[in-house]
Amino acid sequence: MTTNPTPTNPRSVNPTSARSTVVVSQALANQRSAVEDGPLARLRWALADGWTVARRDLIHWTAQPMTIVFGVVFPVIITLAFGYLFGGAVDVPDGADYFAFLMPGMYGMTMLFGLGATMVAVTTDLSRGVTDRFRSMPMAPSAVLLGRAVADLLTSVLMLAGMLACGLAVGWRPDDPLGALGAVALLLLLRFALLWAGIYLGLLTKEPGAVTAIQTLEFPIGFLSNAFVAPSTMPGWLGAIAEWNPLSSTVAAARQLFGNPGWGGDSWVSQHPVQMAVVWPLLITAVFFTLSVRLYQRLDR
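Residues numbered from 1 in each chain as written. Predicted model: local features only at pLDDT ≥ 70, side-chain atom pairs only at ≥ 80, totals over all residues. Heavy atoms only, no water.

1. Considerations on the packing of aromatic side chains
Scanning the entire structure with this criterion turns up 16 aromatic pairs. Taking the centre distance of 6.3 Å and the plane angle of 45 degrees together, the rings of Phe82 and Phe223 count as tilted. One end of the pair, Phe82, is in helix α3 (residues 66-86); the other, Phe223, is in helix α9 (residues 218-223), and 141 residues separate them in sequence. The exposure class assigned to Phe223 is partly exposed, which follows from its relative accessible area of 41%. Judged by centre distance (5.1 Å) and plane angle (65 degrees), the rings of Tyr84 and Phe99 are edge-to-face. Separated by 15 residues along the polypeptide, Tyr84 in helix α3 and Phe99 in helix α4 (residues 98-127) bring together distant segments of the chain. A cation sits over an aromatic face here: Arg135 above Tyr296, 5.1 Å from the ring centre. (Phe/Tyr/Trp six-rings, centres within 6.5 Å; stacked < 30°, edge-to-face > 60°. Helix = DSSP H or I, 4+ residues; strand = E, 2+ residues; numbered from the N terminus. Buried < 20%, exposed > 50% of the residue type's maximum accessible area, 1.4 Å probe, protein only. Lys NZ or Arg CZ within 6 Å of the ring centre and 35° of its normal.)

2. Side note on α4
When the terminal C-alpha atoms of α4 are compared, their 44 Å separation across 30 residues agrees well with the 44 Å that a helix rising 1.5 Å per residue should span. In terms of residue burial, α4 counts as a mostly covered element, since 27 of its 30 residues are buried. Immediately beyond the C-terminal end of α4, within one or two residues, lies Gly129, with a positive phi of roughly 85 degrees. (Expected span 1.5 Å × (residues − 1).)

3. What about the pattern of salt bridges?
Evaluation of the coordinates by the stated rule reveals 3 salt bridges. The salt bridge partner of Arg148 is Asp152, with a shortest N-O separation of 2.9 Å. Placement of both Arg148 and Asp152 in helix α6 (residues 143-169) is noted, with a separation of 4 residues, approximately one turn of the helix. The exposure class of Asp152 is buried, given its relative accessible area of 2%. Within the structure, one salt-bridge network assembled from shared partners comprises Arg56, Asp125, Arg148 and Asp152. (Salt bridge = Lys/Arg side-chain N within 4 Å of Asp/Glu carboxyl O.)

4. Considering the packing of α6 against helix α7 (residues 177-205)
Helices that pack against each other are described as a pair by the angle of their axes relative to one another and the distance between those axes. In the contact formed by α6 and α7, the axes pass within 9 Å of each other and the chain directions differ by 135 degrees. By the angle class used here, α6 and α7 are oblique. Considering only the axes of α6 and α7, their crossing is right-handed. Across from Leu145, Leu146, Arg148, Ala149, Asp152, Leu153, Ser156, Val157, Leu160 and Leu164 in α6, the residues of α7 making contact are Val184, Leu187, Leu188, Arg191, Phe192, Leu195, Trp196, Ile199 and Leu203. Its residues placed into classes, the contact of α6 with α7 shows 15 nonpolar, 1 polar and 3 charged. (Axes fitted to C-alpha atoms, helices over the stretch in contact; angles between N-to-C directions. Parallel < 35°, antiparallel > 145°, perpendicular 65-115°, else oblique. Left-handed = near helix turned anticlockwise from the far one by under 90°. Contact = heavy atoms within 4.5 Å. Nonpolar A, V, L, I, M, F, W, Y, C, P; charged D, E, K, R; others polar.)

5. Description of the nonpolar core
Among the nonpolar cores identified, the biggest contains 33 residues, and Leu102, Met103, Met106, Tyr107, Met109, Phe228 and Phe258 are the most heavily contacted of them. Taken together, the elements giving at least two residues each to this core come down to α3, α4, α6, α7 and α11 (246-258). Counting residues in each nonpolar core, the second largest holds 21 residues, with Val53, Met137, Trp196 and Leu295 among its members. (Core = buried A, V, L, I, M, F, W, Y, C linked by side-chain atoms within 4.5 Å.)

6. What about the packing of α4 against α6?
Where α4 meets α6, the closest approach of the two axes is 10 Å, and the angle between their N-to-C directions is 150 degrees. When the interaxial angle is binned, α4 and α6 end up roughly antiparallel. Handedness of the α4/α6 crossing: right-handed. Between α4 and α6, the residues in contact are Met103, Met106, Tyr107, Thr110, Met111, Thr118, Ala121, Val122 and Asp125 and Arg148, Asp152, Ser156, Met159, Leu160, Met163, Leu164 and Gly167, respectively. Per-class residue counts for the contact of α4 with α6 are 10 nonpolar, 4 polar and 3 charged.

None of the figures reported here should be taken as evidence of function without further support.
Below you can see the structure in the form of structure tokens.
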């Protein structure tokens, strides 16, 4: 973490960052004048501060749209590569179309890819002193983390919408509209849990350059699941790990709710994917939210 949160050269300040910081400062000043003392007032204060920080992050996304564009295009490229290059070599259950099987897996992978994006945003704010400036403002301590979580979740909605459009374009179709809404909700729940993991890892690494090492783990984690192949085809111990991978539970639940073919399995976790697709994200959120808040409070120590 930088020890000099104020840039020494005014010309080096990013105009977008400066403008968004001014927006945050003005919004905080307006909120303070309207807030009264008391527990409920402090809660409203924290939520208002969180939304203010989220707006600041969204300003960055609108000023630099290529970040979101790349976040949509990259999984689309991976989808087309797997679907058209390797699809013919995969034996899908019941002889179904490979894209019907592949798309729920790619939706889950897209949520996993967001982990690296969250880490980059957190470490960038740390290295540029933005986080230090926020900590010096009269805002709720949880506002920075809450704002980041809200902003990243909103951008993930856009990325998932882009992937759903890609799936429809290649012929994928959900069987049940209500089930499809449930599947989308579970995918976003997984993303919400993973963004807290990304926030914690970003606060832990602190430097943007260290993010690359952790980002390389996204593919191994994704491949060690049921997103692309059946865990039953793996060695016994490796297949067990794949079945208990939280990503596998969400992907299996999405396939079930979308009405798409899946691998099934004999283990308890494979036979109860919807329940585990709720339990895993809640557990991950509880762990990494707590760790993130504690680490954020200790940044200046």
